[in-house]
Amino acid sequence: DQDTFVRYIDTIAKHAGDIGKMVEEFVSFARMPTPVFSNEDVAGILKKAVFSAQVANPGIDFDQHICEQELVMRCDERQLTQVFTNLLKNAAEAVEARLAQNPEPKGKIRVELAGRTNGIHITVEDNGTGFPTGDTQKLLEPYVTTRSKGTGLGLAIVKKIVEDHKGLINLENISTGGARVVLSFLQHCDINAAT
């Protein structure tokens, strides 16, 4: 009947969209361009990514601790934006998965950016489902995923970009529940020196 037909069409369209997203991620990973470095304000890039994540996830509280000054490092702005977008998307999905099982406490993502003498440090924490127990660093390898619809490329792309920027990435679970991702870019940075 017509209702069944409409349901089939909706299902096909949804799966076609999922496949399209997977193909985009495969192509993006396979054709990862060489970064084009310039002096960029990391604080500004991160604030824009957080704003986009807030708009996409109005039911989650975003707790921002991002320095007010311009924090400049040599980076590829587009690739760094992709790193922040991927991490915030993963955090939001983990929070939504936890809220589906347990609506309390309210979903929260904490983002911190600090410039220190030994470089720039960015932390993204959430109170979602957390990483699977075991070697969390394996989640950074291509095609490793814990999600039924995941491609296993999101964190692999993040790792590749971070390493291309001479940075380090660390994944860990939070004892009170949730996950923490820490990025460290161990290069000299200038405050209030954007060009």
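Residues numbered from 1 in each chain as written. Predicted model: local features only at pLDDT ≥ 70, side-chain atom pairs only at ≥ 80, totals over all residues. Heavy atoms only, no water.

1. With respect to the packing of helix 2 (residues 42-56) against helix 3 (residues 77-101)
Each pair of packed helices gets described by two things: the angle between the helix axes and the distance between those axes.
(1) Moving on: As a packed pair, helix 2 and helix 3 sit with axes 9 Å apart at the nearest point and diverge in direction by 40 degrees. Here helix 3 runs oblique to helix 2, going by the angle between their axes. The crossing of helix 2 and helix 3 is right-handed. Side by side, helix 2 and helix 3 meet where Val 42, Ile 45, Leu 46, Lys 48, Ala 49, Val 50 and Ala 53 of the first sit next to Glu 77, Leu 80, Thr 81, Phe 84, Thr 85 and Leu 88 of the second.
(2) Moving on: Class assignment for the residues of the contact of helix 2 with helix 3 results in nine nonpolar, two polar and two charged. (Axes fitted to C-alpha atoms, helices over the stretch in contact; angles between N-to-C directions. Helix = DSSP H or I, 4+ residues; strand = E, 2+ residues; numbered from the N terminus. Parallel < 35°, antiparallel > 145°, perpendicular 65-115°, else oblique. Left-handed = near helix turned anticlockwise from the far one by under 90°. Contact = heavy atoms within 4.5 Å. Nonpolar A, V, L, I, M, F, W, Y, C, P; charged D, E, K, R; others polar.)

2. Describing helix 3
(1) Moving on: Spanning 25 residues, helix 3 covers 37 Å between terminal C-alpha atoms, matching the ideal 36 Å at 1.5 Å per step.
(2) Moving on: A distance of 3.1 Å separates the backbone nitrogen of Arg 78 from a side-chain oxygen at the start of helix 3, and that oxygen is part of Asp 76. (Expected span 1.5 Å × (residues − 1). Polar contact = N/O pair within 3.5 Å; in protein donor to acceptor, adjacent residues only side chain to side chain.)

3. Considering the pattern of salt bridges
(1) Moving on: Applying the stated criterion to the full structure yields ten salt bridges.
(2) Moving on: With a shortest N-O distance of 2.8 Å, Arg 110 and Glu 112 are connected by a salt bridge.
(3) Moving on: Note on Glu 112: relative accessible area 22%, which makes it partly exposed.
(4) Moving on: Of the charged contacts in the structure, one is a salt bridge between Glu 163 and Lys 159, with a shortest N-O distance of 3.9 Å. A residue pair is termed a helical-turn pair when its members lie 3 or 4 positions apart in one helix, as Glu 163 and Lys 159 do in helix 4 (residues 154-164) at four residues. (Salt bridge = Lys/Arg side-chain N within 4 Å of Asp/Glu carboxyl O. Buried < 20%, exposed > 50% of the residue type's maximum accessible area, 1.4 Å probe, protein only.)

4. Let's talk about the side chain of Glu 125
(1) Moving on: With respect to the secondary-structure elements, Glu 125 resides in strand 5 (residues 119-126).
(2) Moving on: With relative accessibility at 18%, the residue Glu 125 sits in the buried group.
(3) Moving on: Side chain to side chain, Glu 125 and Arg 180 meet in a polar contact 2.6 Å long.
(4) Moving on: Those residues in contact with Glu 125 that sit more than four places away from it in its chain are Lys 108, Ile 109, Arg 110, Ile 174, Ala 179 and Arg 180.

5. Considerations on the environment of Leu 171
(1) Moving on: Here Leu 171 shows up in strand 6 (residues 167-173).
(2) Moving on: With a relative accessible area of 3%, Leu 171 lands in the buried category.
(3) Moving on: Through-space distance from the C-alpha of Leu 171 to that of Val 181 is 4.7 Å; in sequence the pair is ten residues apart.

6. What to know about the confidence of the model for the chain
(1) Moving on: Model confidence for the chain is summarised by a mean pLDDT of 83, while 77% of its residues fall at 70 or above.
(2) Moving on: By mean pLDDT, strand 8 (residues 190-191) is the weakest element of the chain at 56, and strand 2 (residues 61-66) is the strongest at 96. (pLDDT = per-residue confidence, 0-100.)

7. Some remarks on the sheet that holds strand 4 (residues 108-116)
(1) Moving on: If you trace the five strands from one edge of the open sheet to the other, you get 2-4-5-7-6, paired in mixed fashion. The two strands at the open ends of the sheet, each matched to only one other strand, are strand 2 and strand 6. With strand direction ignored, the average angle separating the axes of adjacent strands in the sheet is 10 degrees.
(2) Moving on: As judged from the six bridges shared by strand 2 and strand 4, these two strands associate in the parallel manner. Across the sheet, residue Asp 61 finds its bridge partner in strand 4, namely Lys 108.
(3) Moving on: Strand contacts of helix 2: strand 2, strand 4 and strand 5, with the helix running at about 175 degrees to strand 2, the strand carrying the most contacts. (Pairing = 2+ DSSP bridges.)

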